[in-house]
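This is what each chain is made of:
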Amino acid sequence: NCTACESPKVLVDGACKDSCPMGQYNTQHRVCQPCPDGCLSCTSASTCSACETPLLLGGGQCRESCPDWQFETELDGQRICKACDSSCWKCFGSGSNCTACRKSLILDDGVCKHWTDGCSE
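Values in this document were obtained by computation on a predicted structure and should not be read as measured data. (Residues numbered from 1 in each chain as written. Predicted model: local features only at pLDDT ≥ 70, side-chain atom pairs only at ≥ 80, totals over all residues. Heavy atoms only, no water.)

Draft legend 1. Quick peek at the pairing of strand S14 (residues 111-114). The pairing of strand S13 (residues 105-108) with S14 spans four bridges and is classified as antiparallel. Residue pairing for S14: Leu107 is matched across the bridge by Cys112. (Pairing = 2+ DSSP bridges. Helix = DSSP H or I, 4+ residues; strand = E, 2+ residues; numbered from the N terminus.)

Dropping the structure here:
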């Protein structure tokens, strides 16, 4: 049973391996540790890179739903959260399809505008 490995090998359950198995990450001491709950893969104890189904990946975290300022989409078969347009408070389907606006803006057919946009005065 090994307690440490020479670079570039990593320690996995007492043995030196080429890389950590799925669901584990390589610490700075070349020891594989489990990813956080819900993560299929991760880069640290707090950053997921892929999630278990049906969870979504957003901001390095696996979550059940996206926060208000993000929308759900898919990238390479993974459900992810992406940021809405900066004027949107909430959006759906794409970042530019606003369903609610940030303060001082009004919603006009999926677009957040300053209330004076389009006025003649």
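Draft legend 2. Structural view of the layout of surface pockets. As a volume, the largest pocket reaches approximately 170 Å³. Lining the largest pocket are 14 residues, and of these Cys66, Gln70, Phe71, Glu72 and Cys91 lie nearest its centre. Looking at side-chain class alone, the lining of the largest pocket contains six nonpolar, three polar and five charged residues. (1 Å grid on protein atoms, 1.4 Å probe; cavity = no way out; pocket = protein on both sides within 12 Å on 5 of 7 lines; lining within 4 Å. Points joined across faces, edges and corners; volume = space filled by probe spheres on them. Nonpolar A, V, L, I, M, F, W, Y, C, P; charged D, E, K, R; others polar.)

Draft legend 3. Here's a closer look at the state of the cysteines. What the rule picks out here adds up to nine disulfides. One disulfide in the model links Cys39 with Cys48; its S-S distance is 1.6 Å. At a sulfur-sulfur separation of 2.2 Å, the disulfide partner of Cys66 is Cys81. Its S-S torsion of approximately -95° makes the covalent link between Cys66 and Cys81 left-handed. With Cys66 in the loop between strand S8 (61-63) and strand S9 (70-75) and Cys81 in strand S10 (residues 78-83), the pair connects residues that are 15 residues apart, well separated along the chain. For the pair shown, Cys66 and Cys81 are each scored as buried. (Disulfide = S-S within 2.5 Å. Buried < 20%, exposed > 50% of the residue type's maximum accessible area, 1.4 Å probe, protein only.)

Draft legend 4. Here's a closer look at the environment of Glu6. With respect to the secondary-structure elements, Glu6 resides in the segment before strand S1 (10-12). For the pair Glu6 and Arg30, spaced 24 residues apart in sequence, the C-alpha to C-alpha distance is 8.6 Å.

Draft legend 5. Highlighting the pattern of salt bridges. Using the criterion set out here, one finds four salt bridges in the structure. A salt bridge links Lys90 to Asp68; its shortest N-O distance comes to 4.0 Å. Of this pair, Lys90 sits in strand S11 (residues 88-91) while Asp68 sits in the loop between S8 and S9, and the two are 22 residues apart along the sequence. (Salt bridge = Lys/Arg side-chain N within 4 Å of Asp/Glu carboxyl O.)

Draft legend 6. Local environment of the environment of Gly14. Tracing the sequence through the fold places Gly14 in the loop between S1 and strand S2 (15-17). Residues Gly14 and Val31, 17 residues apart in the sequence, show an inter-C-alpha distance of 9.5 Å. Residues contacting Gly14, with those up to four places away along its chain left out, are Asn1 and Cys2. (Contact = heavy atoms within 4.5 Å.)

Draft legend 7. Spatial organisation of the packing of aromatic side chains. One pass over the full model with this rule turns up one aromatic pair. Both rings, one in Trp69 and one in Trp89, keep their centres 6.3 Å apart while their planes meet at 45°; by these two values the pair is tilted. Taken together, the positions of Trp69 in the loop between S8 and S9 and Trp89 in strand S11 put the pair 20 residues apart, joining distant regions of the chain. On the basis of relative accessible area, Trp69 is assigned to the partly exposed category, the value being 41%. Exposure remark for Trp89: the relative accessible area of 35% places this residue in the partly exposed category. (Phe/Tyr/Trp six-rings, centres within 6.5 Å; stacked < 30°, edge-to-face > 60°.)

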